[in-house]
Amino acid sequence: MRRILVLAHTGRSDALRATFDTCVTLRDAGLMPVMLPEELAELTQALPHPMPEVLSLGEDSTLQEVDLAMVLGGDGTMLRSAELVRGSQVPLLGVNLGHVGFLAESDRSDLRQTVRWVVDRDYTVEERMAIDVNVWFGNRRVAQTWALNEAAVEKADRERMIEIVMEVDARPISTFGCDGMVLATPTGSTAYAFSAGGPVVWPELDALIMAPISAHALFAKPLVVAPTSEIAVEILARTDAQAVLWCDGRRSINLPPGSRVEVTRSATPVRLARVNQTPFSERLVRKFELPTAGWRGPVHHPEIDPVSTALPIVAHGVEVVEPRRKQGTEGKA
């Protein structure tokens, strides 16, 4: 019997109900739901309905026995789930119960259909680039972690900015005072990096992004560099301003002056299950509710497609106009 891991934000009542509905639907379809022990206990206590048979992860089942993980919640729940399945081959299928939910594949209203896709194996799995993060102090590595969205270096004190050097491939690019720096993946380009003024990068593109936060400098633009590069931020020791490193908003490391944060592409990607093969441009418009009124679609060749408007055709071709020449310049090289 296939085992499906169900992960949820159990602190919300709608997530609890969605989790219960998912477990019931999975059991009715002949699949075995698996949950974290603490989430299963919270679900059992919160709902008066009799629970279907559910296995407990770590007690009745291992990650290696799980076929797929259904994540019920927002992007924060997806990031927590990515941390949980890190190092395994379990793909994540997100059902958005939050706000934007860029990492999710479907919404609460499509929950039953999403379960049907899981039952029928009607999904594909894509690999999203992650980053490895190393923190150095002096000549000693003091911390090592990873991130799916971003590693963010931020000032620890509200009243003081930090002095940093941004580097690419061990070469300094610029130094300035700022509130911090976001080192992001294409997946994270629509998260913290986007809020800091960074570019939106299509997830199919392999790249690393550096986006300064409130930099006090004339040149402090976001950079998009090769995925084979090493990007770094060094906290200058000419002031005693403290900083802190946040990875995906979940893991934090204190950064005293003189610390150095190095980021490279991780050899272990995050596996996401996809059921909707919609282009990223369409997801971008829908998630951010971008205005597209007035769009008339791509231009079609008039000799191939029939004219779909009653407006008269003004010109039949393109007229080439040669630049005017001054008198007496004809024939000169």
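Each chain has its residues counted from 1, running along the sequence as written. This being a predicted model, a pLDDT of at least 70 is required before a residue's local features are given, and a value of 80 or more before pairs of side-chain atoms are given or counted; all residues contribute to the totals for chains, interfaces and linings. With hydrogens and water set aside, each side-chain value is computed from the structure's full complement of heavy atoms.

### Structural notes on the pairing of strand β13 (residues 180-184)
- Throughout this description, buried means an accessible area under 20% of the type-specific maximum (1.4 Å probe, protein chains only), exposed means over 50%, and partly exposed covers the range between. Starting at the N terminus, helices and strands are each numbered in turn, a helix being any DSSP run of H or I of at least four residues and a strand any DSSP run of E of at least two. Among the five residues of β13, five are classified as buried, and the element is accordingly described as predominantly covered.
- Here β13 shows no split at all, with Gly180, Val182 and Ala184 on one side and Met181 and Leu183 on the other all buried.
- Criterion used throughout: strands pair if DSSP finds at least two bridges between them. Across five bridges, the pairing between strand β10 (residues 150-155) and β13 is antiparallel. Looking at the pairing, valine 153 lines up with methionine 181 of β13.

### Some details on the pattern of salt bridges
- Salt bridge, as used here, is a side-chain nitrogen of Lys or Arg placed within 4 Å of a carboxyl oxygen of Asp or Glu. Under the counting rule described, the total for this entry stands at 23 salt bridges.
- Notably, a salt bridge pairs glutamate 262 with arginine 260, separated by 2.7 Å at the nearest N-O pair.
- Judged by relative accessible area, which is 16%, arginine 260 ranks as buried.
- Residues participating in the shared-partner salt-bridge network are Glu105, Glu126, Arg128, Arg274 and Arg283.

### Focus on the packing of aromatic side chains
- Classification of ring pairs rests on two measures: the distance between centres of Phe, Tyr or Trp rings, Trp counted by its six-membered ring, which must be within 6.5 Å, and the angle between planes, read as stacked under 30 degrees, edge-to-face over 60 and tilted in between. Inspection of every chain in the model, using the stated rule, returns four aromatic pairs.
- An aromatic cluster of three or more residues is present, and its members are Phe102, Phe194, Trp202, Phe280 and Phe288.
- The ring of tryptophan 146 is capped by arginine 86, whose NZ or CZ atom sits 4.0 Å from the centre of that ring. Lysine NZ or arginine CZ positioned within 6 Å of the ring centre and within 35 degrees of the ring normal marks a charge as sitting over the ring.

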